[in-house]
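# Per-entry structural report
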Amino acid sequence: MSSLTGRPPRGRPRSILPWLAAPALVVFVGFAVIPLVGVFALSFTTWDGIGTIHGSGLTSWRAVLTDPGLPHALWVTFMVMAVSWAVQTPLSILLGTFLAGRQRYRAVLGVVYFVPLMLSSAAIAIAYKALLDPNFGLGAGLRLPLLSQDWLGRPGLAFGVVVFVVSWQFVPFHSLIYQGGVQQIPSSLYEAAQLDGAGRIRQFFSITLPQLRYTIITSSTLMVVGSLTFFDLIFVLTEGGPGDATRVLALDMYKRGFQASLMGPASVIAVILVLVGLALALLLRRLGGRDAGASQLEGA
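Residues numbered from 1 in each chain as written. Predicted model: local features only at pLDDT ≥ 70, side-chain atom pairs only at ≥ 80, totals over all residues. Heavy atoms only, no water.

Counted under the stated rule, the structure contains 4 salt bridges. A salt bridge links arginine 256 to aspartate 67; the shortest N-O distance between them is 2.4 Å. With arginine 256 in helix α13 (residues 249-259) and aspartate 67 in the loop between α3 (59-65) and α4 (69-99), the pair connects residues that are 189 residues apart, well separated along the chain. A salt bridge links arginine 247 to aspartate 244; the nearest nitrogen and oxygen atoms lie 3.9 Å apart. Accessibility expressed as a relative area gives 38% for aspartate 244, which makes it partly exposed. Overlapping salt bridges bring together Asp67, Asp244, Arg247, Asp252 and Arg256 as one network. (Salt bridge = Lys/Arg side-chain N within 4 Å of Asp/Glu carboxyl O. Helix = DSSP H or I, 4+ residues; strand = E, 2+ residues; numbered from the N terminus. Buried < 20%, exposed > 50% of the residue type's maximum accessible area, 1.4 Å probe, protein only.)

Printed below as a string of structure tokens:
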């Protein structure tokens, strides 16, 4: 019958689907699963990165879990995560909503806002480190005492600088996500609100924010999980200092593995980072939930 009607058999497209997904599966296994299994196995060994790998059981795990510096690194990591999320999310939503307008100049501004994301994190850190230098930086050049402080030499200021630079770099990316989410909201909702006499502020809180619920969950997941991998920017900007004020887990992993040649403990921290990231991603997914009716209204 299929030859007479000119239609392919119904079962044939289904048999092709696994083969279409095979390349992505191979890449995922090769670049995610296998390295993760290797790091997990390496956490039960003793290795300096060059010589022979020796099995050591739970020695590396005991060394890391009993290290008094681990709770502090976890605390700094979660603080950077929480504060950067609290700064980036409102700014990204406001910028994304603004850029979703139809005026031509907003498209130009969108390109300008996107520039920081195209720059290297190391280059950004070098630039800000030079600008914030108390002796030769921007404050000294403009003779402004407020900008001439030791920004990277005091724990509180250094932490604030890290959060500011991280937010400056990644707000454009999340603004782009929210811009797409706002553009997918049905215009009929805003037209109905205008007929009811709702102003722009009321429309923002009654329509835009509720419709961006799942977009917020997606952006927050990327933001929170991504903050666990902050390394190059903090390493160049503060090297974890002053003291250990900005020593996050990713930087602690690097210093143990590549500066102290302790690949076993470094692998333990890598496993901890993966577990924390998975737990946070699952938590945000559960908090977001799934509502078929709402998801149909929201286009993101």
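Moving on from the model shown.
Turning next to the nonpolar core. If you look at the biggest cluster of nonpolar residues, it comprises 20 residues, and the most contacted ones within it are Val80, Val161, Val165, Leu233, Ile234, Leu237 and Val248. Of all the secondary structure elements, the ones that give two or more residues to this core are α4, α6 (121-131), α8 (155-183) and α12 (232-237). In terms of residue count, α8 provides more of this core than any other element does, 6 residues in total. Setting aside residues up to four positions removed in sequence, isoleucine 234 forms contacts with Val162, Glu239, Gly240, Thr246, Val248 and Leu251. Counting 17 residues, the second-largest nonpolar core is a separate cluster that includes Ala250, Ile272, Val276 and Leu280. (Core = buried A, V, L, I, M, F, W, Y, C linked by side-chain atoms within 4.5 Å. Contact = heavy atoms within 4.5 Å.)

With that settled, the discussion passes to helix α10 (residues 200-211). Among the residues of α10, Gln203, Phe204, Ile207, Thr208 and Gln211 are the ones counted as buried. Buried positions in α10, seen along its axis, are confined to an arc of 125 degrees and lie on one side of it. Across from the buried face of α10, at angles greater than 90 degrees, the exposed residues are Ile201, Arg202 and Phe205. (Arc of directions from axis to C-beta.)

Take the environment of glutamine 169 next. Within the element layout of this structure, glutamine 169 appears in helix α8. Overall, glutamine 169 belongs to the buried group, its relative accessible area being 3%. Each C-alpha atom of the pair glutamine 169 and leucine 152 lies 18 Å from the other, and the pair is 17 residues apart in sequence.

Moving on, we get to the confidence of the model for the protein chain. The predicted model of the protein chain averages 86 in pLDDT, with 91% of residues at 70 or higher. Of the regions scoring below 50 in pLDDT, residues 291-300 engages in 16 contacts with residues more than four places distant in sequence or in other chains. (pLDDT = per-residue confidence, 0-100.)

This brings us to the side chain of glutamine 203. With respect to the secondary-structure elements, glutamine 203 resides in helix α10. Ignoring any residue separated from it by four or fewer positions in sequence, one finds glutamine 203 in contact with Tyr190, Ala193, Gln194, Ala198 and Thr208.

Attention shifts here to a nonpolar patch on the surface. On the surface, Leu25, Phe28, Val29, Val33, Ile34 and Val37 cluster together into a nonpolar patch covering about 530 Å² of accessible area. The residue valine 29 is located in helix α2 (residues 11-42) in this model. Taking relative accessible area as the criterion, valine 29 reaches 31% and is therefore assigned partly exposed. (Patch = residues over 30% accessible without salt bridge, like charges linked within 9 Å, V, L, I, M, F, W, Y side chains within 5 Å. Areas by Shrake-Rupley, 256 points an atom, 1.4 Å probe, with all protein chains shown as cover.)

Once that is clear, we can look at the environment of tryptophan 19. The topology assignment puts tryptophan 19 in helix α2. With 188 residues separating them in the primary sequence, tryptophan 19 and isoleucine 207 have C-alpha atoms 42 Å apart.

What follows concerns the layout of surface pockets. Volume-wise, the largest pocket comes out at about 840 Å³. Looking at the lining of the largest pocket, the elements with two or more residues in it are α4, α8, α9 (187-195) and α10. For the lining of the largest pocket, the element with the most residues is α10, which contributes 4 residues. Roughly 370 Å³ of internal volume is contained in the second largest pocket. Surrounding the second largest pocket, 15 residues form its lining, Leu36, Thr229, Ala270, Leu273 and Val274 being those nearest its centre. Sorting the residues of the lining of the second largest pocket by element identifies α2, α13 and α14 (263-288) as the ones contributing at least two each. It is α14 that contributes the most residues to the lining of the second largest pocket, 6 residues altogether. Residue composition of the lining of the second largest pocket, by class: 13 nonpolar, 2 polar and no charged. (1 Å grid on protein atoms, 1.4 Å probe; cavity = no way out; pocket = protein on both sides within 12 Å on 5 of 7 lines; lining within 4 Å. Points joined across faces, edges and corners; volume = space filled by probe spheres on them. Nonpolar A, V, L, I, M, F, W, Y, C, P; charged D, E, K, R; others polar.)

For the rest of this paragraph, the subject is the packing of aromatic side chains. A ring pair, where both rings are aromatic, is described by two values, the distance of the centres and the angle of the planes. For the structure shown, the criterion picks out 10 aromatic pairs. An angle of 35 degrees between the planes, with centres 6.1 Å apart, marks the rings of phenylalanine 44 and tryptophan 61 as tilted. Of the two residues, phenylalanine 44 is situated in the loop between α2 and β1 (45-46) and tryptophan 61 in helix α3; the sequence distance between them amounts to 17 residues. Their ring planes at 20 degrees and their centres at 5.6 Å tell us that phenylalanine 231 and phenylalanine 235 sit as a pair that is stacked. Among the aromatic residues, those joined into a ring-pair cluster are Phe231, Phe235, Tyr254 and Phe258. (Phe/Tyr/Trp six-rings, centres within 6.5 Å; stacked < 30°, edge-to-face > 60°.)

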